[in-house]
Amino acid sequence: MAVTETLGKKKRGDEGGATYLERTPRRLVTLYLPLAIFIFVLLFPFYWMTITALKPDNQLTDYDNYSPFWVVKPTLDHIRYLLFETSYLPWLWNTIVVSVAATFLSIFAAVLGAYAIERLRFTGSRQVGLGIFLAYLVPPSILFIPLAFMVFKLGLYDSKWALILTYPTFLIPFCTWLLMGYFRSIPYELEECALIDGATRLQILVKIILPLSVPGLISASIFAFTLSWNEFIYALTFIQSSENKTVPVGVLTELVRSDVYEWGALMAGALFGSLPVVILYSFFVDYYVSSMTGAVKE
Amino acid sequence: MTSTITTEAAGPLRAGGISRLLENRNVLGALFLLPAAVILLLFLTYPLGLGVWLGFTDTQIGREGIFVGLENYEYLWSDSVFWLSVFNTVLYTVVASILKFALGLWLALILNERLPFKAFFRAIVLLPWVVPTVLSAIAFWWIYDAQFSILSWSLMKLGIIDAPINFLGDPNLARASVIAANVWRGIPFVAITLLAGLQTIPPSLYEAAMLDGTNSWQRLRYVTLPMLTPIIAVVMTFSVLFTFTDFQLIYVLTRGGPVNATHLMATLSFQRAIPGGHLGEGAAIAIAMVPFLLSAILFSYFGLQRRKWQQGGRD
C-alpha cells in the first residue's frame, strides 16, 4: 500500500531542479496531506502524554462529560505527586550521574582508540577497526545474562558502577566509529607539520586534532548521553533497590502497581524523563542527525 | 618510513630511549587503544564467550552450574513456547521492518521535497527516536488501554466500532499493536538516514532522466533506488538488528502476553534467566539469536561491498 502511495507521489515528485513544474493543488494532496498525517501520528503520543499528565483525576477517564483531547482545569497534582512523593528525583539524579560518567569514559577511550586506528596506522589497525565495528553490532539483549553473572561475581550488583562500566560496551564502538570518520577528514599535512616541529603524538592529538574535531566530539557525546539515558535492559537487570534505579526502570517498576494504574503520574514520569533528552536534542539537532547518519554511512 | 621506525624500535636503550619507544606507532597504538580495549574485552568479548559457556551449563542465580552439554538446547528444541517466541520474533522483525522501510522511505521522499520549515519538520520527525523507548512505550500502553483507549474512543465516536478494542488482550491484536508501536518508533530513524542518502543524489541525474522522457516511476526505479541501494542495505540491517533484539517495548506493553503471543526471544530469555533464575537456559535462548544476527551482519557487509564497488572501489 505504502509503496504504491510512494509511487503516486513520485509521479510529480521532481527532485531538486525541476520542482517548479509542480502545481500547488497537486502538492497539497501528494505532499502536504501525507506529511500532516505523518507528523500527527508521530507526535500524537507526546501530546497524549502531556495532556494526561495535566488532567485532574475526574477527567482522566471520564470521556463522556469532558472531551478527552482537551483538559478543562489543568492540574499540577500528578507532577507534584511524582516529584515529591515518589523517588523520582533520585532516579533522575542517578540517570544523570550514570549517563554523564559513562559518556565521559566512552569519549575518553574512543578518542584515543579512534586516533590510534585512524592516524597511527599501527600493524593490524584495520583489523581492530573492523573489530570495533563488529562490537557495535553485538546487541545488549545477548550480553545481559553473562554480564549479570559477572556483575554478581564482581560485587557490583545494585550499584551505579555496574551501569557506568557496562554502558561503554555499546558506547565505545559507536563513538570510536564516529570519531574515526571525523579524524579521517582532518588533513594529514597538519599533523606532519606538527611532527616536524617536534610535537609528540599526544600533543598532536590534544592540540591539533581535538580542537578541529569539536563538532564530532559534540555529536558523539550527545548521542552517547542519549543512548545511556535511554538504556533499559542493563539497568533493569543490574539494579535492585529503589534508590539506585534510573528513570526508565523506576517509572516502570515503581509507579506501576498491579491494582491501580496512576496514569496521570505515569505520564508525568514519562514526560519528565523524556524532557532532558528532548531539550538536549533540540539544541543540537544537526549534530545528532549527523552522528546518526554518519554512523550509518561510514 | 617503516624501516626507520623499526630501527628506532630496535634501539630503545639509546639516549631518550623511552621517548623514542613512544614514537613507535605500534607501541603508541597499543597504549592509545588500551582504555577501549580493556573495557571492550572485559565487558563485551569475555561476556560473549561466557554467554556461550553458560548456555552449556545449568547455572542458576546464586548457584554455580555444571556443564550439561546440549541439554538446554535439547530442552528448548522440544519447548513449544520457545518456538512460539522464534515465530513471533521473525514475524515481528519482518512485518515491522517492511513497514518501517516503506513508510520511512515515503517520509524521506516527502522531506526531500521543497518544503517550508523543512529543518523544523526534520527535527520534530526524529522525536520518537530520541525519547527513551520505555517512556514512549508507557504512553502507548495508555493509548492501548483496554477500557479507556483513546483509539477505541475515537473509533466509537466515528461509529466504526461498538465496543472498545482489547488491544493488548487478544493474541493477534496484541501482535499488531506492538508492531505498530515499534514501527512508530522506527520510522524516524529510517526516514532521516534515507533522507541523508537522498540528498547526496545530484538533481542533475533527475533532470537528465526527465529530458530522456522518463516518467516519475521510472525515475524512482532507475535513478533513486539504485543510488540509494547501498545506504538502504545498511539502514535496514541496523533496523533489522534493533527490531530482532527488541526487548523494551514488549516488556512494557505485554511482558510477552497474552499467553506468550508476543514473547520475543529477548523477552523470553530475560524471563527465564532473571525472574525465573535459570541463567543457563536464558543464555541458551540468547545464543540461539546469534545465527540470525550473523546473517544480518553478512547482509550489511555485502551491502557495504557493493557501495565501494559502485564508488569505484577505494581500498
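Residues numbered from 1 in each chain as written. Chains lettered and ligands numbered in written order. Predicted model: local features only at pLDDT ≥ 70, side-chain atom pairs only at ≥ 80, totals over all residues.

In terms of helices and strands, chain B carries 16 helices and zero strands. Across the 315 residues of chain B, 44% fall into the buried class. Once local pairs closer than 6 in sequence are excluded, the contacts in chain B between residues at least 24 apart make up 66%. (Helix = DSSP H or I, 4+ residues; strand = E, 2+ residues; numbered from the N terminus. Buried ≥ 20, exposed ≤ 12 C-beta atoms within 10 Å, placed from the backbone. Contact = placed C-beta atoms within 7 Å.)

So, on to unusual backbone geometry. Here Arg121(A), not a glycine, exhibits a phi torsion of approximately 50°, which is positive. Of the residues examined, Arg121(A) has 13 C-beta atoms within 10 Å and is grouped as partly exposed.

Turning next to the interface of chain A and chain B. Taken residue by residue, the interface counts 89 residues in chain A and 82 residues in chain B. For the side of chain A that touches chain B, the leading source of residues is helix H2 (residues 24-54) of chain A, giving 12 residues.

Okay, the environment of Leu268(B) next. Residue and element names in this part refer to chain B. Topologically, leucine 268 is positioned in helix H14 (residues 265-273). Taking the C-beta count within 10 Å as the criterion, leucine 268 has 28 such neighbours and is therefore assigned buried. Along the backbone, leucine 268 and valine 125 are 143 residues apart, and their C-alpha atoms lie at a distance of 32 Å. Excluding anything up to four places from it in sequence, leucine 268 contacts Val81, Phe82, Ser85, Gly256, His263 and Ile285.

Moving on to the domain arrangement of chain A. Residues and elements named next belong to chain A. Segmenting chain A into domains produces domain 1 (18-75) and domain 2 (82-297). Taking only C-alpha atoms into account, the centre of domain 1 sits 33 Å from that of domain 2. Contacts between domain 1 and domain 2 engage seven residues on the former and six residues on the latter. Elements with a minimum of two residues in the side of domain 1 that touches domain 2: H2 and helix H3 (57-60). Residue contributions to the side of domain 1 that touches domain 2 peak at four residues, all from H2. Looking at the side of domain 1 that touches domain 2, its residues break down into three nonpolar, two polar and two charged. (Domains from an automatic or database assignment. Nonpolar A, V, L, I, M, F, W, Y, C, P; charged D, E, K, R; others polar.)

Let's shift gears to the packing of helix H5 (residues 80-111) of chain B against helix H12 (residues 216-244) of chain B. All names here are of chain B. Contact geometry of H5 with H12 gives a least axis separation of 9 Å together with a crossing angle of 140°. With respect to each other, H5 and H12 are oriented oblique. Two packed elements cross with a definite hand, and for H5 against H12 that hand is right-handed. Listed contacts from H12 to Thr89, Tyr92, Thr93, Ala96, Ser97, Lys100 and Phe101 of H5 are Met236, Ser239, Val240, Thr243 and Phe244. (Axes fitted to C-alpha atoms, helices over the stretch in contact; angles between N-to-C directions. Parallel < 35°, antiparallel > 145°, perpendicular 65-115°, else oblique. Left-handed = near helix turned anticlockwise from the far one by under 90°.)

At a closest axis distance of 9 Å, the pairing of H2(A) and helix H8 (residues 133-143) of chain B adopts a crossing angle of 80°. Compared by their axis directions, H2(A) and H8(B) come out roughly perpendicular. Note on element contacts: H8(B) touches H2(A) through Ser136(B), Ala139(B), Phe140(B), Trp142(B) and Ile143(B), opposite Pro45(A), Trp48(A), Met49(A) and Thr52(A). For the contact of H2(A) with H8(B), the class distribution of residues is seven nonpolar, two polar and no charged.

Take helix H15 (residues 279-288) of chain B next. Burial analysis of H15(B) places 10 of its 10 residues in the buried class, the great majority of the element. Listed as buried for H15(B) are Leu279(B), Gly280(B), Glu281(B), Gly282(B), Ala283(B), Ala284(B), Ile285(B), Ala286(B), Ile287(B) and Ala288(B).

Turning to the nonpolar core, a few remarks are in order. Within the largest apolar cluster, 167 residues are counted, with the highest numbers of intra-cluster contacts made by Ile138(B) and Leu253(B). Filtering out sequence-adjacent residues up to four positions away, Ile138(B) remains in contact with Val251(A), Leu252(A), Leu266(A), Ala270(A) and Val252(B). (Core = buried A, V, L, I, M, F, W, Y, C linked by C-beta atoms within 7 Å.)

Take helix H10 (residues 171-198) of chain B next. All names here are of chain B. Given a rise of 1.5 Å per residue, 28 residues ought to cover 40 Å, and the 39 Å separating the end C-alpha atoms of H10 matches this to within 8%. Along H10, the largest kink reaches about 35° and is centred on glycine 186; proline proline 188 follows within four residues of it. The buried fraction of H10 is high, at 21 of 28 residues. (Expected span 1.5 Å × (residues − 1). Bend = angle between axes of the 7 residues up to and from the residue.)

Let us now look at the domain arrangement of chain B. All names here are of chain B. When the domains of chain B are assigned, the result is domain 1 (2-55) and domain 2 (71-310). Taken together, the contact pairs four residues of domain 1 with seven residues of domain 2. Residues belonging to the side of domain 1 that touches domain 2 are distributed by class as follows: two nonpolar, two polar and no charged.

Our focus in this paragraph is the environment of Leu40(B). When you line up the elements, Leu40(B) lands in helix H3 (residues 25-55). Leu40(B) sits 125 residues away from Ile165(B) along the chain, and the two C-alpha atoms are 47 Å apart. Not counting the four nearest positions on each side in its chain, Leu40(B) is found in contact with Ala135(A), Thr169(A), Ile172(A) and Thr45(B).

Residue and element names in this part refer to chain A. In this model, chain A carries an average pLDDT of 84, and 89% of its residues clear a pLDDT of 70 or more. Looking across chain A, the model is least confident in helix H1 (residues 2-10), with a mean pLDDT of 40, and most confident in helix H5 (residues 88-120), with 93. Predicted confidence for residues 1-16 stays below pLDDT 50, and this span has 37 contacts to residues more than four positions away or in other chains. (pLDDT = per-residue confidence, 0-100.)

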